[in-house]
Amino acid sequence: MPRWTLLLIPLLVAGCATSTPAPVDSPPVDSPPVDSQAPTSTLSNDVHWVRNSAEYRAAMIQAYHFATLRLEELVSEREPGTWAVALDADETVISNSEYQLELARAGERFSEESWDAWVSRKKAPPLPGVLTFLERVRELGGKIAIVTNRDEQHCALTEDDFREYAIPFDVMLCKQDTSEKEPRWEKIETGNASPELPPLDIVMWFGDNIGDFPDLDQNLRFAPEEAFDAFGGRFFVLPNPMYGSWVRNPME
């Protein structure tokens, strides 16, 4: 074979190797299943993650699992009926991701009218891990206080929603004059939250928003790490990338 032919063969092989384009935007083989009712193209990543990722479910169950272990430590020497846990409702105990999905399908944004209609349907189900945790609270002798910023006009409907899904609670305090929850937590601790409840020590707080925890707001993001010491001990935050007070922070 002539020498020039031997030199040409590698060039031809290289040309063939580059003539076939690599696949573009190919999904990974382990991509999560999409919502059966909505293609991913209609959903923002935040709603898609909440509805369709294993990670979201794992994060919820993990939080309530470790909260249960911590609760057992905190109340081991407390008398039954003398203490409570305080939980937000939306994206902490119950899920509104179906509402978010319906907005995405319709190409709409949040409105008071659509929210009123959603609450009236009483179809917000319990989140992963929460029922097991609340049942353990009851077994240990604790009370369950739901402190939510759903408006007072929605309180009875929300209580019905909880009953529809057999979600236990002892008192539900909705928003009246202010979104701040400190006055309502004080009612629980002074015995003014319900005629059926005595004064109760709140031993744990749960929420998806920083305002669900005493004396905290978005300024906490500037604080040193030790300012977060209560989280994982008495404060447990649940993931919610869909909405919250953080959306008002300036973007960097």
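Residues numbered from 1 in each chain as written. Predicted model: local features only at pLDDT ≥ 70, side-chain atom pairs only at ≥ 80, totals over all residues. Heavy atoms only, no water.

**Details of the nonpolar core**
Operational definition: Residues grouped as a nonpolar core are buried Ala, Val, Leu, Ile, Met, Phe, Trp, Tyr and Cys residues, joined through side-chain atoms within 4.5 Å. Under the scheme applied here, a residue whose accessible area is under 20% of the maximum for its type counts as buried, over 50% as exposed, and between as partly exposed, the area being computed with a 1.4 Å probe on protein chains only. Helix and strand assignments come from DSSP, with helices taken as H or I runs of at least 4 residues and strands as E runs of at least 2, each series counted from the N terminus.
Counting 42 residues, the largest nonpolar core has L71, V85, L87, F133, I146, F162 and F206 as its most contacted members. Top contributing element to this core by residue count: helix α3 (residues 54–74), with six residues. Counting residues in each nonpolar core, the second largest holds 15 residues, with A86, V147, I188 and F235 among its members.

**A short note on the pairing of strand β2 (residues 143–151)**
Put simply, the rule is: DSSP calls a pair of strands paired once it identifies at least 2 bridges connecting them. Crossovers are described as right-handed under a simple rule: with the strands pointing away from the observer, the path leading from the first strand over the helix to the second runs clockwise.
Pairing of strand β1 (residues 83–87) with β2, which is carried by four bridges, proceeds in the parallel orientation. Counted as the bridge partner of A86 is A145 from β2. The pairing of β2 with strand β3 (residues 171–175) spans four bridges and is classified as parallel. By the bridge assignment for β3, V147 is matched with L173. Between the parallel pair β2 and β3, the chain is carried across by helix α7 (residues 155–164), and the sense of this crossover is right-handed.

**As for the confidence of the model for the chain**
The criterion, for reference: What pLDDT conveys is the predictor's confidence in a given residue, as a value from 0 to 100. Contact definition: two residues touch when any of their heavy atoms are within 4.5 Å.
Scored by pLDDT, the chain has a mean of 88; 84% of the residues are at 70 or more. Below a pLDDT of 50 lies the segment residues 1–34, which in the model reaches eight contacts outside its immediate sequence neighbourhood of four places, other chains included.

**Focus: the pattern of salt bridges**
Condition: The term salt bridge refers to a pairing of a side-chain nitrogen on Lys or Arg with a carboxyl oxygen on Asp or Glu at a separation within 4 Å.
With the rule as written, the count across this model stands at 13 salt bridges. Notably, a salt bridge pairs R136 with E139, separated by 3.0 Å at the nearest N-O pair. In this pair, R136 and E139 are both assigned in helix α6 (residues 130–139), three residues apart and thus about one turn of the helix distant.

**Brief notes about the state of the cysteines**
Definition in use: Criterion for a disulfide: a pair of cysteine sulfur atoms at a distance within 2.5 Å.
Scanning the entire structure with this criterion turns up one disulfide. Between the sulfur atoms of C155 and its disulfide partner C174 the distance amounts to 2.1 Å. Judged by the sign of its S-S torsion, about 90 degrees, the cystine formed by C155 and C174 is right-handed. Residue C155 is found in helix α7, and its partner C174 is found in strand β3; the two are separated by 19 residues along the sequence. Like C155, the residue C174 is buried in the burial classification.

**As for α3**
Keep this limit in mind: To estimate how far a helix should extend, the number of its residues minus one is multiplied by 1.5 Å.
With 21 residues, α3 extends 30 Å between its outermost C-alpha atoms, agreeing within 8% with the 30 Å of an ideal straight helix rising 1.5 Å per residue. Taken together, the buried residues of α3 touch α2 (45–52), β1, α6, β4 (201–207) and β5 (235–237).

**Here's the deal with helix α5 (residues 112–121)**
Quick note on the threshold: Taking the helix axis as origin, the arc is that swept by the directions to the C-beta atoms.
Within α5, the full set of buried residues consists of S114, W115, W118 and V119. Burial along α5 is one-sided: seen end-on, the buried residues are contained in an arc of 135 degrees. Elements in contact with the buried residues of α5: α4 (97–106), β2 and α7. Just downstream of α5, K122 is the residue with a positive phi angle, here 55 degrees.

**Quick notes on the side chain of D88**
We apply this condition: Any pair of nitrogen or oxygen atoms within 3.5 Å is treated as a polar contact; in protein, a donor-acceptor pairing is required on top of that, and neighbouring residues in sequence qualify only through side-chain atoms on both sides.
Among the structural elements, D88 can be located in the loop between β1 and α4. A polar side-chain atom of D88 sits 3.4 Å from a polar atom in the side chain of T92. In terms of polar contacts, D88 uses its side chain to reach the side chain of K181, at 3.0 Å. When residues no more than four places from it in sequence are discounted, the contact partners of D88 are V93, V147, T148, N149, K181, F206, G207, D208 and D212.

**A short note on the packing of α2 against α4**
Our working definition: Convention adopted: a line fitted to C-alpha atoms gives each axis, helices being fitted over their contacting stretch, and angles between N-to-C directions are expressed from 0 to 180 degrees. Here is the rule for angles: anything less than 35 degrees is roughly parallel, anything more than 145 is roughly antiparallel, 65 through 115 is roughly perpendicular, and the remaining ranges are oblique. Here is the rule for handedness: rotate from the far helix to the near one, and if that takes an anticlockwise turn smaller than a right angle the crossing is left-handed, while a clockwise turn gives right-handed. Basically, the charged four are Asp, Glu, Lys and Arg, the nonpolar ten are Ala, Val, Leu, Ile, Met, Phe, Trp, Tyr, Cys and Pro, and anything else, Gly included, counts as polar.
Where α2 meets α4, the axes come as close as 10 Å, and the angle between the chain directions of the two elements is 135 degrees. Between α2 and α4, the interaxial angle falls into the category oblique. Where α2 crosses over α4, the two elements pack in a sense that is left-handed. Side by side, α2 and α4 meet where V47, V50 and R51 of the first sit next to S97, E98, Q100 and L101 of the second. Split by residue class, the contact of α2 with α4 holds three nonpolar, two polar and two charged.

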